[in-house]
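Take a look at the letters that make up each chain.
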Amino acid sequence: MRVELIQRAADVLFDVPDETHEEIITLIDAVTEDAELHDAETQAPSLSAAFGDWCWLVYTVQGDVIEVLDVGCAR
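Remember, predicted model here, so these are calculated numbers, not experimental data.

J.: Please provide a residue-by-residue account of the side chain of T32, values included.
T.: Tracing the chain through its elements places T32 in helix α2 (residues 18-37). When sequence neighbours within four positions are dropped, the list of residues in contact with T32 reads M1, V3 and I66.

J.: Describe a negative patch on the surface, with residues and values.
T.: Among the surface-exposed residues, D29, E33, D34 and E36 lie close enough to one another that they form a single negatively charged patch. Along the chain, E33 falls in helix α2. The exposure class assigned to E33 is exposed, which follows from its relative accessible area of 53%.

J.: Please set out the nonpolar core residue by residue, giving values where relevant.
T.: With 17 residues, the main nonpolar core has I24, L57, Y59 and I66 as its most contacted residues. Mapped onto this core, the elements with two or more residues apiece are α1 (7-13), α2, β3 (55-62) and β4 (65-73). Top contributing element to this core by residue count: α2, with five residues. In this structure Y59 touches V31, S46, L47, S48, A49, A50, I66, E67, V68 and L69, once residues within four positions along its chain are discounted.

J.: Please give an account of the environment of T26 that cites residues and values.
T.: Looking at the element boundaries, T26 is found in helix α2. Along the sequence, T26 and G52 sit 26 residues apart, while their C-alpha atoms lie 8.6 Å from each other. A distance of 2.9 Å separates a polar atom in the side chain of T26 from the backbone oxygen of E22.

J.: Go over the pattern of salt bridges, please, and point to the residues and values.
T.: All chains considered together, the criterion is met by one salt bridge. Between R2 and E4 there is a salt bridge, with its nearest N and O atoms 2.6 Å apart. Residue classification places E4 among the partly exposed residues on the basis of a relative accessible area of 33%.

J.: Before we move on, can you summarise the sheet that holds β3 with the specific residues and values?
T.: Overall, mixed pairing links the four strands, which are arranged β1-β4-β3-β2 in an open sheet. Each edge of the open sheet carries a strand with a single partner, namely β1 (2-5) and β2 (48-51). Between one strand axis and the next, the sheet turns through 30° on average, direction left out of account. Note: β1 against β4, four bridges, orientation parallel. Within β4, the residue paired with E4 across the bridge is E67. Strands in contact with α2 are β1, β2, β3 and β4; relative to β3, the strand with the most contacts, it is inclined by about 30°.

Calculation notes
- Residues numbered from 1 in each chain as written.
- Predicted model: local features only at pLDDT ≥ 70, side-chain atom pairs only at ≥ 80, totals over all residues.
- Heavy atoms only, no water.
- Helix = DSSP H or I, 4+ residues; strand = E, 2+ residues; numbered from the N terminus.
- Contact = heavy atoms within 4.5 Å.
- Patch = residues over 30% accessible without salt bridge, like charges linked within 9 Å, V, L, I, M, F, W, Y side chains within 5 Å.
- Areas by Shrake-Rupley, 256 points an atom, 1.4 Å probe, with all protein chains shown as cover.
- Salt bridge = Lys/Arg side-chain N within 4 Å of Asp/Glu carboxyl O.
- Lys, Arg positive; Asp, Glu negative; His and termini not counted.
- Charge placed at Lys NZ, Arg CZ, Asp CG, Glu CD.
- Buried < 20%, exposed > 50% of the residue type's maximum accessible area, 1.4 Å probe, protein only.
- Core = buried A, V, L, I, M, F, W, Y, C linked by side-chain atoms within 4.5 Å.
- Polar contact = N/O pair within 3.5 Å; in protein donor to acceptor, adjacent residues only side chain to side chain.
- Pairing = 2+ DSSP bridges.
- Axes fitted to C-alpha atoms, helices over the stretch in contact; angles between N-to-C directions.

So this is what it looks like as structure tokens:
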């Protein structure tokens, strides 16, 4: 699985406190593991979201690529 972040999501990811950064990375890891468990090849791409205690991310899975479209956190 490959993870791609659009520029806006990447900008947010690198502009948050360390503890928030860790939570976002944990969400990305969980999404990656989940996508690997399901056969992404047979699913149509759709908009999905994952939520942590303080953070969220919006993503799509297309084949073996997870594209992170938006990342955010409540500060």
